[in-house]
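Survey of secondary and tertiary structure
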Amino acid sequence: MKILFNNASLFKSLRPFNDIGFIPTMGGIHQGHLSLIKKSNKLCKKTIVSIFVNPKQFNNKKDLESYPQNIKKDLNILKKIKKIDFVYLPKFKDIYKDKQKSKIKIPKKDQILCAKFRKGHFEGVLEVMNNLTKIVNPQKIFMGEKDFQQLYLVKKLLEKKYETKVISCKTIRDKNKVALSSRNFLLKKSDLNIAANIYKKLEKIKKNIKNPKNILTFLKSQKKELTNNFKIKIDYLELRDEKNLKISSTKKNSRLFIAYYLNNVRLIDNL
Ligand code: AMP
């Protein structure tokens, strides 16, 4: 596993290869990340993982400051699994030429879910993914369904502009079915238990979605109930179509999306 600290060493190391799988991350490595790495290993000759906490995608300074970062621990985990050829650890100047705001705009119809509640977040995500794709020039990029809206927007942008394919990978969960996330490192065990109970309730809610005419009202009342029962703030609880992310009136090909705050930590999930 070779560590690439800047673009010059990345260009030199990757030049001979034309079957590269890329897993972009912000560190805080967990089994979710490792599942993407395993998939890349199966489908590509070389696998590169990047670790870069992208300041431009944080719409809240405190969130950026508290984001879990432990590069030494991450590298130890990555080294142990023996499936990675390169780890790319860029600096801000490797990715960006200036500190200006992203020129990429999210169309109005996509300003839903997290795009609505985290202003500027996806503009930052798309800018970093666009720049990373130009730099790494991979054949395939592996991304998780856990961040479904991110996967949807990135795939739409990159597959139009580049030959790179964006491969979607299933959400990996802990034994209590809580979706793994670097942000879980910020939670106490008691919070993780609450997250597990919220997931159980979400499964029930999805199961009970039946009458297409009443879905919006039903979800509105369930949102209220979840808020009161678990003392959480919920940004959204919505059933949306997997293909276009439009509000859905049927469970078929649809997912239930949630974003909520547990002790000031913002968690998202979809099922
Ligand atoms: P992050 O480090 O949180 O930016 O995530 C890097 C990549 O890992 C993204 O494509 C995420 O969607 C993916 N990812 C994060 N958590 C999970 C999970 N629990 N299961 C599968 N993929 C995940």
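Keep in mind the model is a prediction, meaning the values are calculated, not measured.

1. Overview of the state of the cysteines
Here is the idea: a disulfide is a covalent bond, and it sits between the sulfur atoms of two cysteines. Evaluation of the coordinates by the stated rule reveals zero disulfides. Not part of a disulfide, Cys-44 finds its nearest cysteine sulfur in Cys-169, a span of 10 Å. Cys-114 takes part in no disulfide bond, and the closest cysteine sulfur, belonging to Cys-169, lies 19 Å away.

2. Structural notes on a positive patch on the surface
A cluster of like positive charges, contributed by Lys-200, Lys-204, Lys-207, Lys-210 and Lys-251, occupies part of the molecular surface. When you line up the elements, Lys-204 lands in helix α9 (residues 189-207). A relative accessible area of 55% places Lys-204 in the exposed class.

3. Some points on the nonpolar core
Grouped together as the largest cluster of nonpolar side chains are 40 residues, with contacts concentrated most on Leu-10, Ile-48, Tyr-88, Ile-95, Met-129 and Leu-158. Secondary structure elements with two or more residues in this core: α1 (7-14), β2 (20-25), β4 (86-88), α6 (113-117), α7 (121-136), β5 (140-144), α8 (148-161) and β8 (254-262). Take this core: its biggest share by element is eight residues, from α7. For this core, the two domains that each supply at least three residues are domain 1 (2-169) and domain 2 (182-270). Counting 23 residues, the second largest nonpolar core, distinct from the first, contains Leu-219, Leu-226, Leu-239 and Leu-262.

4. Considering the domain arrangement of the protein chain
How big an interface is tends to be reported as the loss of accessible area on association of its parts. Structurally, the protein chain comprises domain 1 (2-169) and domain 2 (182-270). One C-alpha centre belongs to domain 1, the other to domain 2, and the line joining them spans 26 Å. Between domain 1 and domain 2, the residue contacts involve 22 residues of the former and 17 residues of the latter. Note on domain 1 versus domain 2: buried area summed over both sides is about 1,800 Å², and carbon and sulfur give 61% of it. A per-residue breakdown of the area domain 1 buries against domain 2 is headed by Leu-113, Phe-117 and Phe-148, which together make up 32% of the total. If you look at where domain 1 meets domain 2, you find two salt bridges. A salt bridge links Arg-183 to Asp-63, with the nearest nitrogen and oxygen atoms 2.7 Å apart.

Conventions and cut-offs
- Residues numbered from 1 in each chain as written.
- Predicted model: local features only at pLDDT ≥ 70, side-chain atom pairs only at ≥ 80, totals over all residues.
- Heavy atoms only, no water.
- Disulfide = S-S within 2.5 Å.
- Patch = residues over 30% accessible without salt bridge, like charges linked within 9 Å, V, L, I, M, F, W, Y side chains within 5 Å.
- Areas by Shrake-Rupley, 256 points an atom, 1.4 Å probe, with all protein chains shown as cover.
- Salt bridge = Lys/Arg side-chain N within 4 Å of Asp/Glu carboxyl O.
- Lys, Arg positive; Asp, Glu negative; His and termini not counted.
- Charge placed at Lys NZ, Arg CZ, Asp CG, Glu CD.
- Helix = DSSP H or I, 4+ residues; strand = E, 2+ residues; numbered from the N terminus.
- Buried < 20%, exposed > 50% of the residue type's maximum accessible area, 1.4 Å probe, protein only.
- Core = buried A, V, L, I, M, F, W, Y, C linked by side-chain atoms within 4.5 Å.
- Domains from an automatic or database assignment.
- Contact = heavy atoms within 4.5 Å.
- Buried area = accessible area lost by both parts, 1.4 Å probe.

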